[in-house]
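Each chain is listed here by its residues.
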Number of protein chains: 2
Amino acid sequence: MIENRFSAPGLVNTLKNRAGFNDDEIDLFINLLELKVLKKKEHHFMAGEVCNYSAYVKKGCLRRYIIDEHSKEIIVNFALEDYWVGDLESLISRKPSIYYFQALEESELLMLSYKNYCYLYNSLPKYKNFHDEKVKRNHYATIKKLSAAKSASPEEKYITLMQEQPQLFQRIPLHYIAAYLGIEPESLSRLRKRMVVKLKIS
Amino acid sequence: MIENRFSAPGLVNTLKNRAGFNDDEIDLFINLLELKVLKKKEHHFMAGEVCNYSAYVKKGCLRRYIIDEHSKEIIVNFALEDYWVGDLESLISRKPSIYYFQALEESELLMLSYKNYCYLYNSLPKYKNFHDEKVKRNHYATIKKLSAAKSASPEEKYITLMQEQPQLFQRIPLHYIAAYLGIEPESLSRLRKRMVVKLKIS
């Protein structure tokens, strides 16, 4: 479902403080967006499709995942409010994505189409800078996650996720957390019990 | 050891074809570089230090690694000729890096200092574009590596590394490959034997 009316104070704040947009630039940007409402479990897009939008999460929670050669779902990351979702490589190259993006709650996305993304990127230097700085920050975080994926125990990864996205634990079923950590749901239950005991002792 | 004379046809080619530099811009860029020669096993820089250079690998091979909470070395990636090495986050933020960069062979780096990096980034739009496009490509690759780190078996990771950096297998001791794959050197020997058998059968 795509509508054209919405309010987004979080996004306006980001555009003002992070991107340095003035009021006219904020209006221009917001007027280019389309609202998409996803039902719980609905996909924003799927592997094999070209990503046509850079989307801001106004409300809700999504997961990015791949399906590996053994038909297993591997969760790469979760996106909550104020995150941007999409496959930038697919958006820019116009080639099919390898990722699935699925809503884990009813979610609202504010979407910038490929055409409008190119228009802003090429005509508004502040947007280009904001966008490219965002890619850099994501890149630093992803290299660190790669290091952690190679070294950290499920327990260490659990603690990091609790620190970075504590809301997730109240909002989504724990089997998604288990899939993200790369362990079985039963192992996650045991891990959580061990951690409760540790917290009581310390 | 830092010198100021060198030839770098690979880099000139990259600057010309990827960054779209003209001859004057290539001269300007090359004149800002410093040559650093690293002995085998010497570190380019270490965790705790601020990264002061964006460095092009003219010759040799380096590994980026972290030392985790259990004092174990985790190899994040290898860099061969025509790669760029450095911790961009540390370079830009001027905060200490969490990474170690070590030469696995005698290596030659062409280094752009932080001061010259800022000068070029802010005064030569072609360099800014070239640099930011490079970050984007690295970012796409890193997300894919993160997905693979979460899903692929050591055998699948071995095949990917063979496809991406086949030279590594002739150039560096196999225990580094094992550390990259997250397995013991003995397991890597068994894996290699299994794969030879598979290749003979197929």
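Shown above is the structure to which this text applies.
Since we're looking at a predicted model, the values are computed, not measured.

Asks: Outline the relation of the copies chain B and chain A, supporting the account with residue identities and numerical values.
Replies: Two copies of one chain are present, and they are related through a rotation about an axis combined with an axial shift. When chain B is fitted to chain A, the best match, at an RMSD of 0.0 Å, comes from turning it 180° and sliding it 0.0 Å along the axis. Expressed as a symmetry operation, the mapping of one chain copy onto the other fits a two-fold axis. By residue overlap, the copies meet face to face through one surface: 100% of the interface positions of chain B are interface positions in chain A.

Asks: Which residues make up the interface of chain B and chain A, and what values do they have?
Replies: Across the boundary between the two partners, chain B contributes 35 residues, which contact 35 residues of chain A. Here chain B meets chain A over a buried area of about 3200 Å², counting both sides, of which 61% is carbon and sulfur. At the junction of chain B with chain A, the criterion picks out four salt bridges. Two residues, K144 of chain B and E89 of chain A, come together in a salt bridge whose shortest N-O distance is 2.9 Å. Across the contact surface, chain B and chain A share 14 residue pairs in polar contact (both at pLDDT 80 or more). Elements that contribute at least two residues to the side of chain B that touches chain A include exactly β5 (62-67), β6 (73-79), α3 (88-93) and α5 (125-151) of chain B. Top element by residues in the side of chain B that touches chain A is α5 of chain B. It accounts for 19 residues. For the side of chain B that touches chain A, a count of residues per class yields 15 nonpolar, eight polar and twelve charged.

Asks: Residue-level account of the packing of helix α4 (residues 114-123) of chain B against α5 of chain B, with values.
Replies: Residues and elements named next belong to chain B. At a minimum axis distance of 5 Å, the contact between α4 and α5 shows a crossing angle of 105°. On the basis of their axis angle, the class for α4 and α5 is roughly perpendicular. Residues Y117, L120, Y121 and S123 of α4 pack against P125, Y127, K128, H131 and D132 of α5. Within the contact of α4 with α5, the residues separate by chemical class into five nonpolar, two polar and two charged.

Asks: Please set out the pattern of salt bridges residue by residue, giving values where relevant.
Replies: One pass over the full model with this rule turns up 20 salt bridges over all chains. R171 of chain A is the partner of E81 of chain A in a salt bridge, and the nearest nitrogen-oxygen pair spans 3.0 Å. Of this pair, E81 of chain A sits in the loop between β6 (73-79) and β7 (84-85) while R171 of chain A sits in helix α7 (residues 168-171), and the two are 90 residues apart along the sequence. On the basis of relative accessibility, which here comes to 32%, the residue E81 of chain A falls in the partly exposed class. Taking the shortest distance from any N to any O, the salt bridge between R63 of chain B and E73 of chain B comes out at 2.9 Å. Note that R63 of chain B is positioned in strand β5 and E73 of chain B in strand β6, a separation of ten residues in sequence. Using a relative accessible area of 4% as the deciding quantity, one classes R63 of chain B as buried. Taking relative accessible area as the criterion, E73 of chain B reaches 36% and is therefore assigned partly exposed. If you follow the salt bridges from partner to partner, you end up with K128 and D132 of chain A together with E133 and K136 of chain B in one network.

Asks: Tell me about helix α2 (residues 23-31) of chain B, and please be specific about residues and values.
Replies: Each turn of an α-helix holds 3.6 residues, which means side chains three or four residues apart point in the same direction. Residue and element names in this part refer to chain B. Those residues of α2 that fall on the buried side of the exposure criterion are E25, I26, F29 and I30. With its buried residues spanning 130° around the axis, α2 presents them on a single face. Pointing more than 90 degrees away from the buried face of α2 are the exposed residues D23, D24 and N31. The inward-facing, buried residues of α2 abut α1 (9-17), β7 (84-85), β9 (107-113), α4 and α5. Looking at where α2 begins, the residue whose side-chain oxygen comes 3.1 Å from the main-chain nitrogen of D24 is N22.

Asks: Summarise the sheet that holds strand β8 (residues 100-103) of chain B; cite the residues concerned and give the values.
Replies: All names here are of chain B. Judged by pairing direction, the sheet is antiparallel, and its four strands sit side by side in the order β3-β8-β5-β6 without closing on themselves. A single partner strand is all that each edge strand has here, and the edge strands are β3 (43-45) and β6. Going across the sheet, the axis of each strand differs from the next one's by a mean of 30°, ignoring polarity. Two elements, β5 and β6, share six bridges in a ladder whose sense is antiparallel.

Asks: An account of the packing of aromatic side chains is requested, with residue identities and associated values reported.
Replies: Inspection of every chain in the model, using the stated rule, returns 23 aromatic pairs over all chains. Consider the rings of Y117 of chain A and Y127 of chain A, whose centres lie 6.2 Å apart with planes at 85°: the pair is edge-to-face. Residue Y117 of chain A is located in helix α4 (residues 114-123), and its partner Y127 of chain A is located in helix α5 (residues 125-151); the two are separated by ten residues in the primary sequence. An aromatic cluster is defined as three or more aromatic residues linked by ring pairs; in this entry it consists of F21, F29, Y56, W84, Y117, Y121, Y127 and F130 of chain A. Between the NZ or CZ atom of R63 of chain A and the centre of the ring of Y65 of chain A, over which it lies, the distance is 3.8 Å. Taking the ring centre of Y180 of chain A as reference, the NZ or CZ of K150 of chain B above it sits at 3.7 Å.

Asks: I'd like a rundown of the pairing of strand β4 (residues 53-59) of chain A, residues and numbers included.
Replies: All names here are of chain A. Here six bridges tie β4 to strand β9 (residues 107-113), and the two strands are oriented antiparallel to one another. In the strand pairing of β9, Y53 is matched with S113. Relative to β7, β4 runs antiparallel, the two sharing two bridges. Among the inter-strand pairings, A55 is bridged to a residue of β7, identified as V85.

Asks: So what about the environment of S153 of chain A? Which residues, and what values?
Replies: All names here are of chain A. Here S153 lies in the loop between α5 and α6 (154-164). Look at S153 and you get partly exposed, because its relative accessible area is 27%. Sequence separation between S153 and P185 is 32 residues; the distance between their C-alpha atoms is 15 Å.

Asks: Quick one: what's the story with unusual backbone geometry, residue by residue and with numbers?
Replies: The bulk of non-glycine residues show a negative phi, and the bulk of peptide bonds are trans. The backbone phi angle of K41 of chain A is positive, close to 80°, even though this residue is not glycine. Here K41 of chain A lies in the loop between β2 (34-38) and β3 (43-45). On the accessibility criterion, K41 of chain A (52% relative accessible area) is exposed. Non-glycine residue D82 of chain B carries a positive phi angle of around 80°.

Rules and cut-offs
Residues numbered from 1 in each chain as written. Chains lettered and ligands numbered in written order. Predicted model: local features only at pLDDT ≥ 70, side-chain atom pairs only at ≥ 80, totals over all residues. Heavy atoms only, no water. Least-squares fit on C-alpha atoms with pLDDT ≥ 70 in both. Contact = heavy atoms within 4.5 Å. Buried area = accessible area lost by both parts, 1.4 Å probe. Salt bridge = Lys/Arg side-chain N within 4 Å of Asp/Glu carboxyl O. Polar contact = N/O pair within 3.5 Å; in protein donor to acceptor, adjacent residues only side chain to side chain. Helix = DSSP H or I, 4+ residues; strand = E, 2+ residues; numbered from the N terminus. Nonpolar A, V, L, I, M, F, W, Y, C, P; charged D, E, K, R; others polar. Axes fitted to C-alpha atoms, helices over the stretch in contact; angles between N-to-C directions. Parallel < 35°, antiparallel > 145°, perpendicular 65-115°, else oblique. Buried < 20%, exposed > 50% of the residue type's maximum accessible area, 1.4 Å probe, protein only. Arc of directions from axis to C-beta. Pairing = 2+ DSSP bridges. Phe/Tyr/Trp six-rings, centres within 6.5 Å; stacked < 30°, edge-to-face > 60°. Lys NZ or Arg CZ within 6 Å of the ring centre and 35° of its normal.

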